[in-house]
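Remarks on the overall topology
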Amino acid sequence: MITLIKGGEVVNPRLGTVEKKDLLIENGMVSRLLSKGESGEASEVSKTIDAAGKVIVPGLVDIHTHLREPGHEYKETIASGAMAAVAGGYSAIACMPNTSPPNDCRSVTEFIIEQSKRAGRARVYPIATISKGQKGESLVDFCELAAAGAVGVSDDGFPVVNSELMRRALEYARYCGLAVISHCEDPNLSKGGVMHEGEISTRIGLPGVSGASEDIFVYREISLARLTGCPVHIAHVSTGVSVELIRRAKEEGLPVTAETAPHYFTLDHGLLAEYDTRYKVNPPLRTPKDVSQIRKGLAEGVIDVIATDHAPHDSLEKEVEFDKAAFGMIGLQTALSLTLDLVREGFMTLPDAISKLSSNGAAILGVPGGELKEGENADVAIIDMESEYCFKEKDILSKSRNSPFLGRMMKGRCDLTMVGGKIVYQRNV
Ligand code: DOR
């Protein structure tokens, strides 16, 4: 079967180009990219997709998704998360290990891979824990987990407090070919905090988490990267100070990469004044100054990746007193539109935005994807840059509804997603 995607503009994030090209797909792979004037063997094409006026990008790759299976399937299953992912333009997602039980052994990693194959939507790459049970005491068997299919390790949801253990984790992970993703939070400083520590938390009387709680651990990870020469990836950067620390680490040539999430470049702590738990997330939404420093960090390439930190929670955990509510917000279906706002506002070019949503994350994890070229998997998203819509509850394909962006006007969204040449999502246009 040969599929032709015709008439669109193809974004190549690695080359920074946007060019009118047709895409021929054969046996699940990109077989040819046809420039203007070239034609495919028309008679052999069995399906033609009209992408006129649309943008064709490599399927997005999310380096930071929380699926809740095994253990909390009422919030999200691997199948429901993978469905939300493809609707958001993602052909691949990496899932964090804070499930129940956590992904700290071969059987859980294999189970995730099996379930994702059964779902048949986005590719799902398991991230295993760094420490057994995410307790921060002893390392899991990285090489065994890598052999089972894990692509990285992280205790996300919790920091690795013991610096010696983190040092060994960096060294061991490099040996086994795994990425290390660090959740930076000093638990002694953040203990009891439910929002950013500042003017608003003081006014509304909620315990705060200072920016220093993040910055101190970002500094530690940079020091460990310098000491060991091993790569480290910083998850969900939320403070301007972290951006500056990462900038200097990169200038020094250290193997440090970083991600932020759309809520950290879109929302600030002022929104918590009404005690709306949809804005409760860890790390917390920071000050408008932090938001502008995160945007600058993205624009200047200090922050490599825009990840979703998709964190589904049921209304049982969200529609409760603020201090009792769970931390987290869903994001797989809104990240693309919110990132395209940055393009329209001139913070980055379209290929830059797509590289932060696909190729940069794929490179950090060492997984395929992020480029449409001959011989690569046909993981493709077709984007309608002009489509304007109000994000509504009925649009949500995740099992959970905890989005702070409900009711917001958005522009630019995914029309169609393909994984290995198969259409796994098509919006009713
Ligand atoms: O807000 C958050 N939610 N931050 C985390 O680090 C974990 C995540 C979750 O698993 O719900």
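Structure: see above.
Below is a short write-up of the structure. Predicted model only: the values in this text are computed from it and were never measured.

1. Some remarks on the site of the ligand
Around the ligand lies a shell of 13 residues, among which R68, N98, N282, H313 and F327 are the nearest. In this structure, an oxygen atom belonging to the ligand sits 3.4 Å away from a side-chain N or O atom of H66. H313 is positioned with one of its side-chain polar atoms (N or O) 2.9 Å from an oxygen atom of the ligand. If the ligand stood free it would expose 290 Å²; the protein chains cover 93% of that surface. Most atoms of the ligand, that is more than half of them, are within 2 Å of grid points of the largest pocket. Among the residues making up the shell around the ligand, the classes are represented as 3 nonpolar, 8 polar and 2 charged.

2. Observations concerning the environment of G89
Note on placement: G89 falls in the loop between helix 1 (78-87) and strand 8 (90-95). The class for G89 is buried, based on a relative accessible area of 1%. With 192 residues separating them along the chain, G89 and V281 place their C-alpha atoms 23 Å apart. Excluding anything up to four places from it in sequence, G89 contacts G59, L60, A381, C414 and T417.

3. Considering the side chain of D415
Looking at where D415 falls in the secondary structure, it is placed in strand 18 (residues 409-419). Taking relative accessible area as the criterion, D415 reaches 7% and is therefore assigned buried. Only 2.7 Å separates the side chain of D415 from the side chain of R427, close enough to count as a polar contact.

What counts, and where the lines are drawn
- Residues numbered from 1 in each chain as written.
- Predicted model: local features only at pLDDT ≥ 70, side-chain atom pairs only at ≥ 80, totals over all residues.
- Heavy atoms only, no water.
- Near = heavy atom within 4 Å.
- Polar contact = N/O pair within 3.5 Å; in protein donor to acceptor, adjacent residues only side chain to side chain.
- Areas by Shrake-Rupley, 256 points an atom, 1.4 Å probe, with all protein chains shown as cover.
- 1 Å grid on protein atoms, 1.4 Å probe; cavity = no way out; pocket = protein on both sides within 12 Å on 5 of 7 lines; lining within 4 Å.
- Sits in = over half its atoms within 2 Å of the grid points.
- Nonpolar A, V, L, I, M, F, W, Y, C, P; charged D, E, K, R; others polar.
- Helix = DSSP H or I, 4+ residues; strand = E, 2+ residues; numbered from the N terminus.
- Buried < 20%, exposed > 50% of the residue type's maximum accessible area, 1.4 Å probe, protein only.
- Contact = heavy atoms within 4.5 Å.

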